[in-house]
Amino acid sequence: MYTLVEVTHQFTQRTGHPPTLKVRAPGRINIIGEHTDYNQGLVLPGAIDKSLFFAVRPNGTAQLRCWALDIDAYAEADLTAIVAGDQLWFNYLLGIADQFQQRGYALPGLDIVFGGDLPVGAGVSSSAALECGMAMVWNTLLKVGLDGPEMAQLAQRSSHEFIGIPCGIMDQFASLNGQQDAAILLDCQALSCRTVPVAVAGCEWVLLNSRVSHNLADSAYPERVRECQEGLAILQKHLPAVTALRDVTPAQLTALEAKMPALVYRRCRYVVGEHYRTLMMIDALQAGDAEKIGMLLYHTHIGLSEDYEVSCPEIECLFGVALQHPGVYGARLMGGGFGGCTLNLVQSAAREAFVSEALAAYEAAFGIQGDYLPVRLVNGVEVV
Ligand code: GLA
């Protein structure tokens, strides 16, 4: 865990100079709209007050030299011949350099020291924070003038091309465009967004970190993307106006069930339902209807678990405790799946008891100490 002051201090210690640029890049949560982004649907994420801090200074060479404080690692690369190496965290940074280079920018060598309080593997998008912080660094140093949504697209492209993950745009968009005290409703088709207050009177949003992230996530994610594409291709034969799963209504999907493999149908049923649940969530939040909000979270979880099959026993355990708890309105797996956090809407008065009960049950079942991650919603990536 490093603060901005400590990262700055470490920079000076390691390079012998103070940094000339400092950037804060936050992680994200997602209230609802899971696995809808790559289907051009709606998502409702927000940037959180857990970040990576970057301290940066041009070093007068062609080398990118990087210290990752949280994992005590160092890597360097020649920016005139960018190739992926064997350290994933460094590849996330190189991929962004590669994107700016592809746009014709000559990249100066940099010294970078980064660290923060954003947990890795907790489903709060530390990798997007890496990409987006780095995008802000180059955007600022090279005076490129990209805005937040443009940097998010650049970072997503880097994930696709350099890392090889066919991710949607939600994580990068949230990290870059988050707003203080609000979530952002992002339409991934139009790439338009607006802020949505998500505070619910008498309640708290509670994140419980399972502290597991199964390898399966790496292979299952592209598999789900492919299954959605397969479903879309079948639907388009009958619904030529449809360009993405988000365009399909639940009734249209039901009518075409017999045309597709059962598994592909279930994947599509989840995605189509989730797009509509996100719309319903906006109304429920506006009405401050905790029961309704909670019910939508539960439905999303059931869909992710049974139709989309991206849950795991550890998450089911945390979910199960929430489901039984009288002080909890709703809960769900948050993020891509196979570990990470559950997101819970809990009565403020019940928060302490729920957190300790859930973590005790979790430790008894799996021998793992999960943790409670208090978060606030904050602005997106910025130069500090
Ligand atoms: C990961 C991806 C996102 C999104 C979520 C699931 O976090 O990076 O683009 O698809 O999973 O909602």
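Since this is a predicted model, take the numbers as computed values, not measurements.

A. Quick look at the site of the ligand. What surrounds the ligand is the set Arg28, Glu34, His35, Asp37, Tyr38, Cys167, Gly168, Met170, Asp171, Tyr221 and Gly336. Within the side chain of arginine 28, an N or O atom sits 3.2 Å from an oxygen atom of the ligand. Between an oxygen atom of the ligand and a side-chain N or O atom of aspartate 37, the distance comes to 2.5 Å. Relative to its free-state accessible area of 310 Å², the ligand is covered by the protein chains to the extent of 89%. For the shell around the ligand, the per-class residue count stands at four nonpolar, three polar and four charged.

B. The arrangement of the sheet that holds strand S12 (residues 371–373) in detail. If you walk across this open sheet you meet the four strands as S10-S11-S9-S12, and the pairing is antiparallel. Both edges of this open sheet fall to strand S10 (328–333) and S12, since each of them pairs with a single strand only. Averaged over all pairs of adjacent strands, the angle between strand axes in this sheet comes to 25°, irrespective of strand direction. With eight bridges joining them, strand S9 (residues 203–213) and strand S11 (residues 339–347) adopt antiparallel strand pairing. The residue of S11 that forms the bridge with valine 206 is asparagine 344. Packing of helix H10 (residues 313–324) onto the sheet brings it into contact with S9, S10 and S11, and relative to S11 it is tilted by some 5°.

C. Inspection of the packing of aromatic side chains at higher detail. For the structure on display, the rule yields nine aromatic pairs. Aromatic side chains tryptophan 89 and phenylalanine 114 sit 5.7 Å apart centroid to centroid with 55° between the ring planes, which places their arrangement in the tilted category. Of this pair, tryptophan 89 sits in helix H2 (residues 88–102) while phenylalanine 114 sits in strand S6 (residues 110–116), and the two are 25 residues apart along the sequence. Each ring, one from tyrosine 270 and one from tyrosine 308, has its centre 4.8 Å from the other, and the planes form 45°; the classification is tilted.

D. Spotlight on the nonpolar core. Ranked by size, the top nonpolar core spans 83 residues in total, and within it Leu44, Phe54, Trp89, Phe100, Trp138 and Trp205 carry the most contacts. Contact partners of phenylalanine 100, with chain neighbours within four places excluded, come to Tyr105, Leu107, Ala135, Trp138, Asn139, Leu142, Val144, Leu146 and Leu154. Cys228, Tyr265, Leu333 and Phe338 belong to the second-largest nonpolar core, a separate cluster that totals 29 residues.

E. Looking closely at the sheet that holds strand S2 (residues 42–43). Read from one edge to the other, the open sheet built from three strands follows the order S2-S7-S8, with strand pairing classed as antiparallel. Only two strands of the sheet have a single partner each, and these edge strands are S2 and strand S8 (192–196). Here two bridges tie S2 to strand S7 (residues 183–187), and the two strands are oriented antiparallel to one another. Paired with valine 43 across the two strands is leucine 186, which belongs to S7. Packed onto the sheet, helix H5 (residues 170–177) meets S2, S7 and S8 and runs at close to 135° relative to S7.

F. Structural context of helix H8 (residues 262–287). Between its first and last C-alpha atoms H8 spans 37 Å; for 26 residues at 1.5 Å apiece the expected length is 38 Å, and the two agree. Following H8 by one or two positions, glycine 288 adopts a phi angle in the positive range, close to 65°.

G. Representation of the pairing of S6. Taken across its seven residues, S6 has seven buried, putting it largely inside the fold. Residues Leu110, Ile112, Phe114 and Gly116 line one face of S6 and the alternating positions Asp111, Val113 and Gly115 line the opposite face, and both faces are buried. Bridge analysis of strand S3 (residues 45–58) against S6 gives seven bridges, and the strand direction is antiparallel. Bridge pairing links alanine 55 to valine 113 in S6. Bridge analysis of strand S4 (residues 63–68) against S6 gives five bridges, and the strand direction is parallel.

What counts and what doesn't
- Per-chain numbering applies: the sequence of each chain, read as written, is numbered from 1 onward.
- Reporting in this predicted model follows two pLDDT cut-offs: at least 70 for local features of residues, and 80 or more for side-chain atom pairs to be given and counted; totals over whole chains, interfaces and linings ignore these cut-offs and use all residues.
- Computation of side-chain values covers all heavy atoms of the structure but excludes hydrogens and water.
- We call a residue near a molecule or strand as soon as one heavy atom of that residue lies within 4 Å of the molecule or strand.
- N or O atoms within 3.5 Å of each other form a polar contact, as long as, within protein, one can give a hydrogen and the other can take it, and as long as residues adjacent in sequence are counted only when both atoms are side-chain atoms.
- Only the protein chains shown count as cover for residues, with accessible areas throughout obtained via the Shrake-Rupley method and a probe of 1.4 Å.
- The residue classification treats Ala, Val, Leu, Ile, Met, Phe, Trp, Tyr, Cys and Pro as nonpolar and Asp, Glu, Lys and Arg as charged. All others, Gly included, are polar.
- The pairing criterion is simple: DSSP has to find at least two bridges between the two strands.
- Helix and strand definitions here come from DSSP, where helices need a minimum of 4 consecutive H or I residues and strands a minimum of 2 consecutive E residues; each element is numbered from the N-terminal end.
- Only the contacting stretch of a helix is used when fitting its axis, a line to C-alpha atoms as for every element, and angles between N-to-C directions run 0 to 180 degrees.
- Whether two residues are in contact is decided by their heavy atoms, any of which lying within 4.5 Å being enough.
- Any two of the Phe, Tyr and Trp rings considered here, Trp counted by its six-membered ring, make a pair once their centres fall within 6.5 Å; the pair's planes then place it as stacked at under 30 degrees, edge-to-face at over 60, or tilted in between.
- Nine residue types can take part in a nonpolar core, namely buried Ala, Val, Leu, Ile, Met, Phe, Trp, Tyr and Cys, and a core is a set of them joined through side-chain atoms within 4.5 Å.
- Accessible area is worked out with a 1.4 Å probe on protein chains only. A residue is then buried under 20% of its type maximum, exposed over 50%, and partly exposed in between.
- Multiply 1.5 Å by the residue count of a helix minus one, and that product is the helix's expected span.

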